[in-house]
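A look at the structure
Residues per chain, in single letters:
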Amino acid sequence: MTTPMIDLRSDTVTQPTDAMRRAMAEAPVGDDVYGEDPSIADLEARVAALLGHEAGLFCVTGSLSNQLGVWAQVRPGQEVLCDAGAHIARAEMGAHGALSGVTMRTWVTPHGVAEAAQIERLLSPDAGPYLVSTACVALENTHNFGGGTIQPLAHLREVAALCRDAGVGLHLDGARLWNAHVASGVALSEYGRLFDTVSVCFSKGLGAPVGSMLLASEETIARARVQRKRLGAGWRQAGVLAAAASYAVEHHVGRLADDHAAARAFADAVAAAAPGAVGRPETNIVVVGTGVRTAAQVVAEASARGVAISAVGGRVVRAVTHLGVSLADAARAGAIVGEILAGVGVST
């Protein structure tokens, strides 16, 4: 009998639970382009309240909700500042420049958390006729490629004050803000109110099959709704997907603590075999240095031994825990990756 693959490539690989599928099947729906889908309207109002914003816009992906959030604050030819490893810079296919005419400048940090002074040095809100003016700063919480790191609340408050004083907008890529909330105990609204626009995702740790949301003022969401349609992303009876997201928000937020425990178990098992290769994860993402072996080699060897992980750098791999992976599976996967890094049972 073949042992199932332990899939730690991402928390996007989750499958809807039976209860979530029932909620989808029973969802009341309407035409959302006409604003007539009750399940979507309910989800948008519920999540906006949780995040401390006036309104929400249900979107098909986090890339789209990030695109809309930045677009709402940055005119063509202006810039958004962000971390060099930010999702909007690395993983959204250059959409901000290609579709919105937005340029980027970045700061570099080891784990995605910048000092406010580092951001302040880049701010140029009124650069005059010869240079690019800064219109927005974007932060990511938790920080994906930084290893699931949590942005400290005091740091976020400092950056928010800096942007407010400079007259610059502030966007949050909060795809995994749910994880930050569970791990830190900080209320979602306490995070959300610091930002002009916020993007959150339902299809990662929360386990919904599709969907993200942009949160902002009613005026900004009204503009973003038009731009979403302009980009070809208006949808009709998408309440079946909103029902899955609603179920996830109601039932799957608290259980993210299980994913965090599984990530620690994975990291501990790696460290036991390969000391120094991995740090202590804060949430559900574990970034592992591969030493003398390339990331591609480690990914291939792990796959051959029943563990799926991702290469996120030439000598860096990533494992992401989720509701489809048990604590025992995570520990077993970590032991296998640790053995590969230590050269135990490695093919040459």
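In what follows, the accompanying structure is described. (Residues numbered from 1 in each chain as written. Predicted model: local features only at pLDDT ≥ 70, side-chain atom pairs only at ≥ 80, totals over all residues. Heavy atoms only, no water.)

Turning our eyes to something else, we now look at the pattern of salt bridges. A pair can form between side chains of opposite charge whenever their charged atoms are brought close. The full count for this structure, using the stated rule, is 13 salt bridges. Notably, a salt bridge pairs Glu 79 with Arg 105, separated by 2.7 Å at the nearest N-O pair. Placement of the pair is Glu 79 in strand E3 (residues 79–83) and Arg 105 in strand E4 (residues 103–107), with a sequence separation of 26 residues. Between Arg 332 and Asp 329 there is a salt bridge, and its shortest N-O distance comes to 3.8 Å. Separated by three residues within a single helix, Arg 332 and Asp 329 lie in helix H14 (residues 327–342), roughly one turn from each other. On the accessibility criterion, Arg 332 (40% relative accessible area) is partly exposed. In this structure, a network of salt bridges that share partners links the residues Asp 42, Arg 46 and Glu 250. (Salt bridge = Lys/Arg side-chain N within 4 Å of Asp/Glu carboxyl O. Helix = DSSP H or I, 4+ residues; strand = E, 2+ residues; numbered from the N terminus. Buried < 20%, exposed > 50% of the residue type's maximum accessible area, 1.4 Å probe, protein only.)

Below, the discussion takes up the layout of surface pockets. Approximately 390 Å³ is the volume attributed to the largest pocket. With three residues, strand E9 (residues 285–289) is the largest single contributor of residues to the lining of the largest pocket. Counted by class, the lining of the largest pocket contains twelve nonpolar, nine polar and four charged residues. Size it by volume and the second largest pocket reaches roughly 220 Å³. Lining of the second largest pocket is provided by 20 residues; of these, Gly 62, His 87, Ala 175, Cys 201 and Lys 204 occupy positions nearest its centre. (1 Å grid on protein atoms, 1.4 Å probe; cavity = no way out; pocket = protein on both sides within 12 Å on 5 of 7 lines; lining within 4 Å. Points joined across faces, edges and corners; volume = space filled by probe spheres on them. Nonpolar A, V, L, I, M, F, W, Y, C, P; charged D, E, K, R; others polar.)

With that settled, the discussion passes to the nonpolar core. Within soluble globular proteins, side chains that are nonpolar tend to cluster in buried spots. Counting residues in hydrophobic clusters, the biggest one holds 53 residues, and the most contacted among them are Val 47, Phe 58, Val 137, Leu 139, Trp 178, Val 200 and Phe 202. With seven residues, the single largest contributor to this core is helix H11 (residues 239–251). Setting aside residues up to four positions removed in sequence, Val 200 forms contacts with Val 47, Gly 174, Ala 175, Leu 177, Trp 178, Ser 212, Met 213 and Leu 215. Membership of the second largest hydrophobic core comes to 26 residues, among which are Ile 6, Phe 266, Val 288 and Val 325. (Core = buried A, V, L, I, M, F, W, Y, C linked by side-chain atoms within 4.5 Å. Contact = heavy atoms within 4.5 Å.)

We now examine the packing of helix H8 (residues 177–184) against helix H12 (residues 256–273). Packing of H8 against H12 brings their axes to within 9 Å, and their N-to-C directions diverge by 85°. Considering their axes alone, H8 and H12 lie roughly perpendicular with respect to each other. Contacts between H8 and H12 pair Trp 178, Asn 179, Val 182 and Ala 183 from the former with Leu 256, Ala 257 and His 260 from the latter. Broken down by class, the residue content of the contact of H8 with H12 amounts to five nonpolar, two polar and no charged. (Axes fitted to C-alpha atoms, helices over the stretch in contact; angles between N-to-C directions. Parallel < 35°, antiparallel > 145°, perpendicular 65-115°, else oblique.)

Once that is clear, we can look at the sheet that holds E4. Strand order in the open sheet formed by seven strands is E2-E8-E7-E6-E5-E3-E4, and the pairing between neighbours is mixed. Sheet topology places strand E2 (55–59) and E4 at the edges, where each strand pairs with a single neighbour. In this sheet, neighbouring strand axes are inclined to one another by 20° on average, regardless of whether the strands run parallel or antiparallel. Pairing analysis gives three bridges linking E3 to strand E5 (residues 134–140), with the strands arranged parallel. Each residue of the ladder has a partner; that of Leu 81, found in E5, is Val 137. (Pairing = 2+ DSSP bridges.)

Turning next to helix H3 (residues 62–71). Of all the ten residues making up H3, nine are buried; the element is thus mostly covered by neighbouring parts of the structure. Here H3 has its buried residues at Gly 62, Leu 64, Ser 65, Asn 66, Gln 67, Leu 68, Gly 69, Val 70 and Trp 71. Here H3 starts with a cap whose side-chain oxygen sits 3.5 Å from the backbone nitrogen of Ser 63, and that cap is Thr 61. (Polar contact = N/O pair within 3.5 Å; in protein donor to acceptor, adjacent residues only side chain to side chain.)

Glancing now at the side chain of Gln 78. Checked against the element boundaries, Gln 78 lands in the loop between H3 and E3. Not counting the four nearest positions on each side in its chain, Gln 78 is found in contact with Gln 73, Gly 101, Val 102, Thr 103, Val 132, Ser 133 and Ala 135.

Another aspect to go through is the packing of helix H1 (residues 18–25) against H11. Put simply, H1 and H11 touch, their axes get as near as 8 Å, and they point 140° apart. Judged by the angle between their axes, H1 and H11 are oblique. The way H1 lies across H11 gives a crossing that is right-handed. Contact residues: H1 offers Ala 19, Met 20, Ala 23 and Met 24, while H11 offers Val 240, Leu 241, Ala 243, Ala 244, Tyr 247 and Ala 248. Residue composition of the contact of H1 with H11, by class: ten nonpolar, no polar and no charged. (Left-handed = near helix turned anticlockwise from the far one by under 90°.)

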